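# Reading the structure
Chain residues, written in single-letter form:
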Amino acid sequence: GQNIDQPTEMTATEGAIVQINCTYQTSGFNGLFWYQQHAGEAPTFLSYNVLDGLEEKGRFSSFLSRSKGYSYLLLKELQMKDSASYLCAVGSGGYQKVTFGIGTKLQVIP
Amino acid sequence: DTGVSQDPRHKITKRGQNVTFRCDPISEHNRLYWYRQTLGQGPEFLTYFQNEAQLEKSRLLSDRFSAERPKGSFSTLEIQRTEQGDSAMYLCASSQRGARDTEAFFGQGTRLTVV
């Protein structure tokens, strides 16, 4: 089965940088996703890491270490609209089953 | 095609009634997922289709739950004899299997309230 751990809540200041960590244990690992979910809305895709290393996309970056079963999402120049839940998810198996963690609720304060 | 579409957006039903939800995936996507999400939790995997074949079904799904994707396009999720514990957001997602697997795109969900 899959086991995905991430902090349940974080608070950060507008304009700052925040790092959201995710650890996972899974068989048949294909890649790791990060999704953003605002309250009452559907999750929206942020990133997908297949290989080790850092991938940067604007203010958001995602890192993966497959050997350590570890990923993080880095958000720079935080804005109030970044207040949301950030979901770590693992794709696994030949059919790409996508399993989600509990999500990290990020609150950005002025 | 503007994305994954789910219908209805909201459903209130009395305990014991049957409900059916529909999901229309992005047209070229052959993979379709159903998830259930309760407040403060991440989406929980329910079941998965590749084309019309249901390849995996979570142990969370009791025999009151059934899902179909008869022609490999839209899918339905039926819950029989609903219970209050079934109240949740039911999310559908689709993706395309290819040389590089794509991310799953989510619909807006169907919020079920069992009273």
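As a reminder, the structure under discussion sits directly above these lines.
Residues numbered from 1 in each chain as written. Chains lettered and ligands numbered in written order. Predicted model: local features only at pLDDT ≥ 70, side-chain atom pairs only at ≥ 80, totals over all residues. Heavy atoms only, no water.

### Re the sheet that holds strand β3 (residues 19-24) of chain B
All names here are of chain B. Pairing in this open sheet of four strands is antiparallel, and the strands run β1-β3-β8-β7 from one edge to the other. In the strand order of this sheet, the two ends are held by β1 (5-7) and β7 (65-68), each with one partner. The sheet shows a mean angle of 15° between the axes of neighbouring strands, direction not considered. One ladder, built from four bridges, connects β7 with strand β8 (residues 75-79); its direction is antiparallel. What sits directly across from S66, in β8, is E78. (Pairing = 2+ DSSP bridges. Helix = DSSP H or I, 4+ residues; strand = E, 2+ residues; numbered from the N terminus. Axes fitted to C-alpha atoms, helices over the stretch in contact; angles between N-to-C directions.)

### Observations concerning the packing of aromatic side chains
Summed over the entire model, instances satisfying the criterion amount to 16 aromatic pairs over all chains. Ring geometry for Y35(B) and F45(B): centres 6.1 Å apart, planes at 75°, overall edge-to-face. Taken as a pair, Y35(B) in strand β4 (residues 31-37) and F45(B) in strand β5 (residues 44-50) lie far apart in primary sequence, ten residues in all. Looking at F45(B), the relative accessible area reads 7%, which means it is buried. On the basis of an interplanar angle of 45° and a centroid distance of 5.8 Å, the ring pair of Y35(B) and F106(B) is categorised as tilted. One end of the pair, Y35(B), is in strand β4; the other, F106(B), is in strand β10 (residues 105-106), and 71 residues separate them in sequence. Per residue, the accessibility class of Y35(B) equals that of F106(B), and both read buried. Within the aromatic cluster, the residues linked to one another by ring pairs are F33(A), Y35(A), F45(A), Y48(A), F100(A), Y33(B), Y35(B), F45(B), Y48(B) and F106(B). (Phe/Tyr/Trp six-rings, centres within 6.5 Å; stacked < 30°, edge-to-face > 60°. Buried < 20%, exposed > 50% of the residue type's maximum accessible area, 1.4 Å probe, protein only.)

### Concerning the state of the cysteines
A covalent bond between the sulfur atoms of two cysteines is referred to as a disulfide. In this structure the tally under the stated criterion is two disulfides over all chains. At a sulfur-sulfur separation of 2.0 Å, the disulfide partner of C22(A) is C88(A). Disulfide C22(A)-C88(A): the torsion about the S-S bond is -70°, which places it as left-handed. Within this pair, whereas C22(A) is found in strand β3 (residues 18-25), its partner C88(A) is found in strand β9 (residues 84-92), the two being separated by 66 residues in sequence. Like C88(A), C22(A) is buried. What pairs with C23(B) in a disulfide is C92(B), and their sulfur atoms sit 1.9 Å apart. Residues C23(B) and C92(B) share a disulfide whose torsion about the S-S bond is about -70°; that sign makes it left-handed. Residue C23(B) is located in strand β3, and its partner C92(B) is located in strand β9 (residues 88-95); the two are separated by 69 residues in the primary sequence. (Disulfide = S-S within 2.5 Å.)

### Structural notes on the interface of chain B and chain A
Contact with chain B, which involves 23 residues of that partner, is made by 17 residues of chain A. A salt bridge links E56(B) to K97(A); its shortest N-O distance comes to 2.8 Å. The tally of links between chain B and chain A comes to five residue pairs in polar contact (both at pLDDT 80 or more). Where the side of chain B that touches chain A is concerned, the elements lending two or more residues are β4, β5 and β6 (53-57) of chain B. Broken down by element, the side of chain B that touches chain A gets its largest block of residues, four residues, from β4(B). Of the residues contributing to the side of chain B that touches chain A, the split by class is nine nonpolar, eight polar and six charged. (Contact = heavy atoms within 4.5 Å. Salt bridge = Lys/Arg side-chain N within 4 Å of Asp/Glu carboxyl O. Polar contact = N/O pair within 3.5 Å; in protein donor to acceptor, adjacent residues only side chain to side chain. Nonpolar A, V, L, I, M, F, W, Y, C, P; charged D, E, K, R; others polar.)

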